[in-house]
Amino acid sequence: MYFIGLLTRCKDEFFIKEFCDYYLEQGVDKIFVLDDNSNDKSIYEPITDERVEIIYEKKIFDKYGQMRIANSYYKKISKDFKWLIFVDVDEFITAKHNGNNTIRRELETTFADADCIKIPWVMMATNGIHNNPQSVLIENTYRWNHDKKHPHKIAKFRCRYNKIEVKCIFKPAKFKTISVHHPDNPIGNPKIVNSINNNDTTLNPYHNDLREDDIRTGYLLCYHHRIISRENAINKLNKTQYLKYTIDDLMSGDYSEIEDTTLKNKVL
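Right, let's walk through the structure included here.

Criteria and thresholds
Residues numbered from 1 in each chain as written. Predicted model: local features only at pLDDT ≥ 70, side-chain atom pairs only at ≥ 80, totals over all residues. Heavy atoms only, no water. Helix = DSSP H or I, 4+ residues; strand = E, 2+ residues; numbered from the N terminus. Buried < 20%, exposed > 50% of the residue type's maximum accessible area, 1.4 Å probe, protein only. Contact = heavy atoms within 4.5 Å. Areas by Shrake-Rupley, 256 points an atom, 1.4 Å probe, with all protein chains shown as cover. Lys, Arg positive; Asp, Glu negative; His and termini not counted. Charge placed at Lys NZ, Arg CZ, Asp CG, Glu CD. 1 Å grid on protein atoms, 1.4 Å probe; cavity = no way out; pocket = protein on both sides within 12 Å on 5 of 7 lines; lining within 4 Å. Points joined across faces, edges and corners; volume = space filled by probe spheres on them. Nonpolar A, V, L, I, M, F, W, Y, C, P; charged D, E, K, R; others polar. Polar contact = N/O pair within 3.5 Å; in protein donor to acceptor, adjacent residues only side chain to side chain. Salt bridge = Lys/Arg side-chain N within 4 Å of Asp/Glu carboxyl O. Phe/Tyr/Trp six-rings, centres within 6.5 Å; stacked < 30°, edge-to-face > 60°. Lys NZ or Arg CZ within 6 Å of the ring centre and 35° of its normal.

### Describing the overall build of the chain
Part 1: The helix and strand tally for the chain stands at eight helices and 14 strands.
Part 2: Out of the 268 residues belonging to the chain, those deemed buried represent 54%.
Part 3: A fraction of 72% describes how many contacts in the chain between residues 6 or more apart in sequence connect residues 24 or more apart.
Part 4: Total accessible area computed for the chain in this model is approximately 12200 Å², and 44% of it derives from carbon and sulfur atoms.
Part 5: Once the 40 positive and 39 negative side-chain charges of the chain are each reduced to a mean point, those two points are 6 Å apart.

### Regarding the layout of surface pockets
Part 1: When its volume is computed, the largest pocket comes out at roughly 670 Å³.
Part 2: For the largest pocket, the lining is made up of 27 residues, of which D88, K156, V180, Q241 and Y242 are closest to its centre.
Part 3: Of all the secondary-structure elements, those providing two or more residues to the lining of the largest pocket are β1 (2–10) and β8 (163–170).
Part 4: Of the residues belonging to the lining of the largest pocket, the class tally is eight nonpolar, four polar and 15 charged.
Part 5: For the second largest pocket, the calculated volume is near 240 Å³.

### Some remarks on helix α1 (residues 16–25)
An α-helix turns once per 3.6 residues; consequently, residues spaced three or four apart project the same way.
Part 1: With seven of ten residues buried, α1 lies mostly within the body of the structure.
Part 2: Those residues of α1 not exposed but buried are I16, E18, F19, C20, Y22, Y23 and L24.
Part 3: After α1 finishes, the residue G27 shows a positive phi value of roughly 100°.

### Some remarks on the side chain of T177
Part 1: Along the chain, T177 turns up in strand β9 (residues 175–178).
Part 2: For T177, a relative accessible area of 17% gives the class buried.
Part 3: Here the side chain of T177 touches N185 through a polar contact of 2.7 Å, side chain to side chain.
Part 4: T177 has contacts with N71, Y74, P183, D184 and N185, leaving out every residue within four places of it along the chain.

### Examining the pattern of salt bridges
Part 1: Considering all chains together, one arrives at 18 salt bridges under this definition.
Part 2: Among the ionic pairs, E165 bridges to R160, the shortest N-O distance being 3.0 Å.
Part 3: According to the relative accessible area criterion, R160 is buried, its value standing at 4%.
Part 4: Across the pair D213 and R216 runs a salt bridge whose closest N-O atoms are separated by 2.2 Å. One end of the pair, D213, and the other, R216, are both in helix α5 (residues 212–217), three residues apart, so they sit about a helical turn from each other.
Part 5: Overall, the relative accessible area of 52% leaves R216 in the exposed class.

### Focus on the environment of K41
Part 1: Looking at the element boundaries, K41 is found in the loop between β2 (30–36) and β3 (52–57).
Part 2: Relative accessible area serves as the criterion here: at 34%, K41 is assigned to the partly exposed category.
Part 3: Separated by 28 residues in sequence, K41 and E13 place their C-alpha atoms 9.9 Å apart.
Part 4: In this structure, K41 is in contact with D35 and Y56, ignoring residues within four places of it in sequence.

### A short note on the packing of aromatic side chains
Part 1: Scanning the model with the defined rule gives 14 aromatic pairs in all.
Part 2: Each ring, one from Y44 and one from Y56, has its centre 5.9 Å from the other, and the planes form 85°; the classification is edge-to-face. Here Y56 lies in strand β3 and Y44 lies in the loop between β2 and β3, a separation of twelve residues in the sequence.
Part 3: Taken together, the ring pairs in this structure connect F19, Y22, Y23 and F92 into an aromatic cluster.
Part 4: Positioned above the aromatic ring of Y73, the side-chain terminus of K76 is 4.4 Å from the ring centre.
Part 5: Stacked on the ring of Y206, the Lys or Arg K163 has its end atom at 4.3 Å from the ring centre.

Next up, the structure:
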């Protein structure tokens, strides 16, 4: 049995190699990339590491196929790993309280007794970048100030002051299926904790009241690069879940308020 597996979904994300390299450095044993019929398959050509497997699919992101296909592969691989990470390609989990630790080390120590760790987003921003950067982790270093409220008329770009989405690292032996933000259909009574202070919590898609103090001291955070550049935002408009929005809609929810070099420093 491997220690950590990672399952992700990708559609034309130019930084997929950087994503894979990052998580392999964090101690992940094997990465499974479900490609959602990307228009540009050349994004995978630089990936030569045998620990990364690309699975080509169609319409993963449509209303009916999204989790059906993900769960199909989850069932295939779940017995092979003690821990599983299920994130999108624009989500990078990292240790903060023990800043030199990898994800693997945090699972071996801080969270050894947990069955599911709920890790809140930290919302990243573009800081006015127009073109896609060479390195997302090195060049995109600005984010929201999570001590501030960010009201927005569009629900998808809503304020995250009171509650913010999570992604999870969990033990597949304790959950029959997965959903977008957390594992589902628990087996028995798994121990579910939050990643900020390792306290017990409930199984749902949110973390309540994330603040700057939490980001400074939390054990694990999930840096979410929802918009990387204006070019990236335009490309997102071609994805199913963004078809009804305009470029102004996407950029209006982009708040470059605090410089945060956590991931940049780790990569360098």
